[in-house]
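# Descriptive analysis of the structure
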Amino acid sequence: MITILKQGSALANIAVALLLYLIPAGTNAQIPIIPAPQSVTLGKGYFAPTKKPATKDMVVVTEKNHGDEYYRLEITPKKIVCYAATETGVFYAKQSLLQLADVHGRIPCMIIEDEPRFEWRGLMLDVSRHFFGKEVVLQQLDILARLKMNRYHLHLTDETGWRIEIKQYPKLTGVGAEGNWSDRKAPRAFYTQEDIREIVEYARERHIMVIPEIDMPGHATAVYRSYPEFSTGGTGRWAGFTFYPAAEATYTFLRHVLTEVAALFPAPYIHIGGDEVHFGNQEWKTDPKIQQFIQDNQLGNEVGLEHYFVRRACEIIAGLGKTVIGWDEIIESGVPADKMIVMWWRHDKPQVLDQALKAGFRVILSPRIPCYFDFVQHDTHKIGRRWSGAFNTLEVAYRFPESIQDRTAGRERQILGIQANIWTERIADKKRLDFMTFPRVTVIAEDAWSGTENKNEATFKERLPLFLKYLDTKKIYYFNPFNPDSTPEPWGPEKEDVIAEG
Ligand code: TNX
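Reading guide: rules and limits
Residues numbered from 1 in each chain as written. Predicted model: local features only at pLDDT ≥ 70, side-chain atom pairs only at ≥ 80, totals over all residues. Heavy atoms only, no water. Helix = DSSP H or I, 4+ residues; strand = E, 2+ residues; numbered from the N terminus. Rg over C-alpha atoms; globule rule 2.2 N^0.38 Å. Contact = heavy atoms within 4.5 Å. Areas by Shrake-Rupley, 256 points an atom, 1.4 Å probe, with all protein chains shown as cover. Lys, Arg positive; Asp, Glu negative; His and termini not counted. Charge placed at Lys NZ, Arg CZ, Asp CG, Glu CD. Buried < 20%, exposed > 50% of the residue type's maximum accessible area, 1.4 Å probe, protein only. Expected span 1.5 Å × (residues − 1). Pairing = 2+ DSSP bridges. Axes fitted to C-alpha atoms, helices over the stretch in contact; angles between N-to-C directions. Phe/Tyr/Trp six-rings, centres within 6.5 Å; stacked < 30°, edge-to-face > 60°. Lys NZ or Arg CZ within 6 Å of the ring centre and 35° of its normal. Near = heavy atom within 4 Å. Polar contact = N/O pair within 3.5 Å; in protein donor to acceptor, adjacent residues only side chain to side chain. Nonpolar A, V, L, I, M, F, W, Y, C, P; charged D, E, K, R; others polar. Domains from an automatic or database assignment. Buried area = accessible area lost by both parts, 1.4 Å probe. Salt bridge = Lys/Arg side-chain N within 4 Å of Asp/Glu carboxyl O. Parallel < 35°, antiparallel > 145°, perpendicular 65-115°, else oblique. Left-handed = near helix turned anticlockwise from the far one by under 90°.

### As for the overall build of the protein chain
Along its length, the protein chain carries 16 helices and 14 strands. On C-alpha atoms alone, the protein chain measures out to a radius of gyration of 24 Å, which is about the 23 Å that the 2.2 N^0.38 rule sets for 502 residues. Within the protein chain, contacts between residues separated by at least 24 positions form 71% of all contacts whose residues are at least 6 apart in sequence. In the structure as shown, the protein chain presents an accessible area of about 20,000 Å², 53% of it carried by carbon and sulfur atoms. Across the protein chain, the centroid of the 60 positively charged side chains sits 5 Å from that of the 64 negatively charged ones.

This is the structure we're talking about:
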C-alpha cells in the first residue's frame, strides 16, 4: 500500500509512526530532508545502493514540462529514477538522496515530488568588516547547496575594507583593504579576481548564483582611504563615509569599477547597497559645491541628491546589461519598479515593505528580525545584536514569512524570496562565523523552499539533529539548540554593541 501525505500533517505523523512500527527498531523513519519536500509518498522496503554514493545509481529522465528546480524521485527496491526538466532539478534530487542516505545507508522506498516556494533562497556574507577567505566561502557554498539554497550575496565593500581586486584602481585593495573592524592595522585582505572567478565557478557547479555588492553612496570609507578624490571627506566619525556625489569623475570611477565587477560575476544583478546614507551626509550640507550641484540640478535637498546618485548608479548598471538590487532605502529614488529589486531589511519599518509592494517592486525579504545572523540566537548569549529585546531564535525564524503574511497577501508574486544576512562587526573568525550561521541557516532554507502547509516546527526539530551530524563531518562549530550549554558562545571582537539602534 502506498500513502500520499504531506510532511508534518496528522496523517504523515500516523504514517511515520506506522512505519516505525513496521521497520526494525533503531531505524529512524522520519524523512530527514531539510528543507521539507512538498510531498512525500512512502513505499515499502529499501533501495540498497550498489555504488557509493547512491546518487550514482540514480537514473535521470528529462521531463520538460516542469519548472527549472522541480524534481520527482522514485525510490523503489530495484531502482532510483529522477524526473526533472533541468540539471538544477537533477542536482536537487541528488541533495535529497544524499540527506536520506546519510542516515540510512539504505534508502527507504518513497516518491518525492518537490519544487521550491521561492526562487530566491539566499545568504549574504559581509567580508568587509572582517574578511573571510576563499576556503570559508567554498565551505559555506557546499552547505548551502545541501540545503537547496541558490543565492550567495557578497558584501564586498564598506567602511572597514575594500575586498575585491579592481585592476584599474590598485589602491582600493592597497590601503583600502588594510585593517578590519577589530584591528585597524590588520594586514590587507581581499579576493583577487582569480579568487572571485574560482568562487563563482564553484558556486555555479552547485547551482548557486553569486551576487556582488558594492555599497554606495554610503558605507564607502575604504574609498576615502584609497582614492580621496572620489569621496566626500570631512572630519569625525563619518568622514569619508560617502562617495562625492557632485562630480562627474565619481560616476566615471564607479563605471570603471562596476565594469570590472560585471565582467567577473555572471549574475544578472549587481547590488548597490544604498543604505544609511544619512549617517554620512553631514558634509553634503556644508560643502558649497555639493549645495550648488543640488541647486543646479533642482534636486531640492540632500535626500534628492541621494536619489539622484542612485539613479545614476542604476543607469551605469543598466548600461552593463544588469539589474540593480538595493537595500530598501532606494525605493524613493525615482527608479521605475521594473528596473530595480528591493531588499527589505528594516523590520521596524513594515510600511516600507507595503510601500515597495504597492509601487510594484520585486522584493526580497530580509528583515533584521529574523534574517540577521549578527543578532544573538539565545537569551544567554552576550555578543551580538538585539532590538528592543528581540533576537533571532530558530523558532522566531521558523515562523517566517508566515509571521508577515498579512502584509504580503495578494502580492506573493512580487516576493522573490528570502535572504539571511551575516553582518560581521562582531564576527572576527571562522569559529564565531560558524556559530552564528549554523544551524539557523537551515531554518531560512526551509522558510524559502517549503510551502507553508509543509512546514512543521516539531518535525523540523526532529530532522535537525541529522543535519547537525552532517555539520559535524565538516567540523563546523554550530550552536546546539538542543543543548545550549554544550556549545559555549565564542568570544567576539567587541565586548558591547557599538551600533546605535533605531
Ligand atoms: C545595518 S543592513 C546595516 C549594516 C550593518 C547591520 C548590522 C544594512 C543595509 N545596513 O551596515 O552591518 O545593520 O546589523
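On we go from here.
### Structural notes on the environment of Leu 357
Tracing the backbone through its elements, the reader meets Leu 357 in helix α10 (residues 350-358). Classification of Leu 357 by relative accessible area gives buried; the value is 2%. Spatially, the C-alpha atom of Leu 357 lies 40 Å from that of Lys 171, the residues being 186 residues apart in sequence. Look past the residues within four positions of Leu 357 in its chain and what remains in contact with it is Val 363, Arg 407, Thr 408, Arg 411, Gln 414 and Ile 415.

### Overview of helix α3 (residues 134-146)
In this model, α3 (13 residues) spans 19 Å end to end at C-alpha, consistent with the 18 Å of a helix rising 1.5 Å per residue. For α3, the buried fraction is high: 12 of the 13 residues fall into the buried class. Along α3, the positions that sit buried rather than exposed are Lys 134, Val 136, Val 137, Leu 138, Gln 139, Gln 140, Leu 141, Asp 142, Ile 143, Leu 144, Ala 145 and Arg 146. Looking at the residues trailing α3, positive phi occurs at Lys 148, about 60 degrees.

### Digging into the sheet that holds strand β11 (residues 323-327)
Strand order in the closed barrel formed by 8 strands is β7-β8-β9-β10-β11-β12-β13-β14, and the pairing between neighbours is parallel. Across the sheet, the mean angle from the axis of one strand to that of its neighbour is 30 degrees, orientation sign disregarded. Taken together, the 5 bridges between strand β7 (residues 120-126) and strand β8 (residues 151-155) define a ladder with parallel strand orientation. If you follow Gly 122 over to β8, its bridge partner there is Arg 151.

### Here's the deal with the pairing of strand β4 (residues 71-75)
Burial of β4 is one-sided: the residues Tyr 71, Leu 73 and Ile 75 facing one way are buried, the residues Arg 72 and Glu 74 facing the other way are not. Strand direction decides the pairing type here: β4 and strand β5 (residues 80-84), joined by 5 bridges, are antiparallel. Residue Leu 73 lies in a different strand from β5, and its bridge partner there is Cys 82. The loop that links β4 with its antiparallel partner β5 comprises 4 residues.

### Details of the packing of aromatic side chains
Inspection of every chain in the model, using the stated rule, returns 26 aromatic pairs. Ring geometry for Tyr 92 against Trp 449: centres 5.3 Å apart, planes inclined by 90 degrees, an arrangement best described as edge-to-face. Linking Tyr 92 in helix α2 (residues 87-104) with Trp 449 in helix α15 (residues 440-449), this pair joins segments that are 357 residues apart in sequence. When sorted by exposure, Tyr 92 lands in the same class as Trp 449, which is buried. An angle of 70 degrees between the planes, with centres 6.4 Å apart, marks the rings of Tyr 372 and Phe 375 as edge-to-face. You'll find Tyr 372 and Phe 375 in the same group, each marked buried. Ring pairing ties together the aromatic residues Tyr 169, Tyr 227, Phe 230, Phe 243, Tyr 251, Phe 253, Phe 293, Tyr 308 and Phe 309, which thus form one cluster. One residue, Arg 106, lies across the ring of Tyr 46, its end atom 3.8 Å from the ring centre.

### Concerning the site of the ligand
Around the ligand, the neighbouring residues are Arg 129, His 219, Asp 275, Glu 276, Trp 327, Trp 345, Tyr 372, Asp 374, Arg 385, Trp 423 and Glu 425. Between the ligand and the protein, one listed contact pairs an oxygen atom with a side-chain N or O atom of Arg 129 at 2.8 Å. Side-chain polar atom of Arg 385 to an oxygen atom of the ligand: 2.8 Å apart, as the coordinates give it. With the chains in place, 98% of the 360 Å² that the ligand exposes on its own is no longer accessible. Classifying every residue of the shell around the ligand by side-chain character gives 4 nonpolar, 1 polar and 6 charged.

### Some points on the domain arrangement of the protein chain
Taken as a whole, the protein chain is organised into domain 1 (10-114), domain 2 (156-335) and domain 3 (336-502). With 18 residues of domain 1 in contact, the opposing surface of domain 3 contributes 15 residues. Taking both partners together, domain 1 and domain 3 bury about 1,300 Å²; carbon and sulfur atoms supply 61% of that area. Our enumeration of links across domain 1 and domain 3 arrives at 0 salt bridges. Scanning the region where domain 1 abuts domain 3 turns up 7 residue pairs in polar contact (both at pLDDT 80 or more). Per-class residue counts for the side of domain 1 that touches domain 3 are 10 nonpolar, 5 polar and 3 charged.

### Examining the pattern of salt bridges
Per the stated rule, a full pass over the model turns up 30 salt bridges. The partner of Asp 126 in a salt bridge is Arg 129, with the nearest N and O atoms 2.9 Å apart. Since its relative accessible area comes to 0%, Asp 126 is described here as buried. A salt bridge links Asp 338 to Lys 339, with the nearest nitrogen and oxygen atoms 3.6 Å apart. Through salt bridges with shared partners, one network takes in Arg 117, Glu 402, Asp 447 and Lys 455.

### Points about the packing of α15 against helix α16 (residues 457-473)
Any two packed helices are characterised by the angle at which their axes cross and by the distance between the axes. The contact between α15 and α16 brings their axes to 11 Å, and the two run at 125 degrees. As judged from the angle between their axes, α15 and α16 are oblique. Helix-helix and strand crossings are classified by hand; for α15 and α16 the assignment is right-handed. Along its contact with α15, which presents Thr 442, Val 443 and Glu 446, the element α16 presents Phe 460, Arg 463, Leu 464 and Phe 467. Across the contact of α15 with α16, the residue classes break down as 4 nonpolar, 1 polar and 2 charged.

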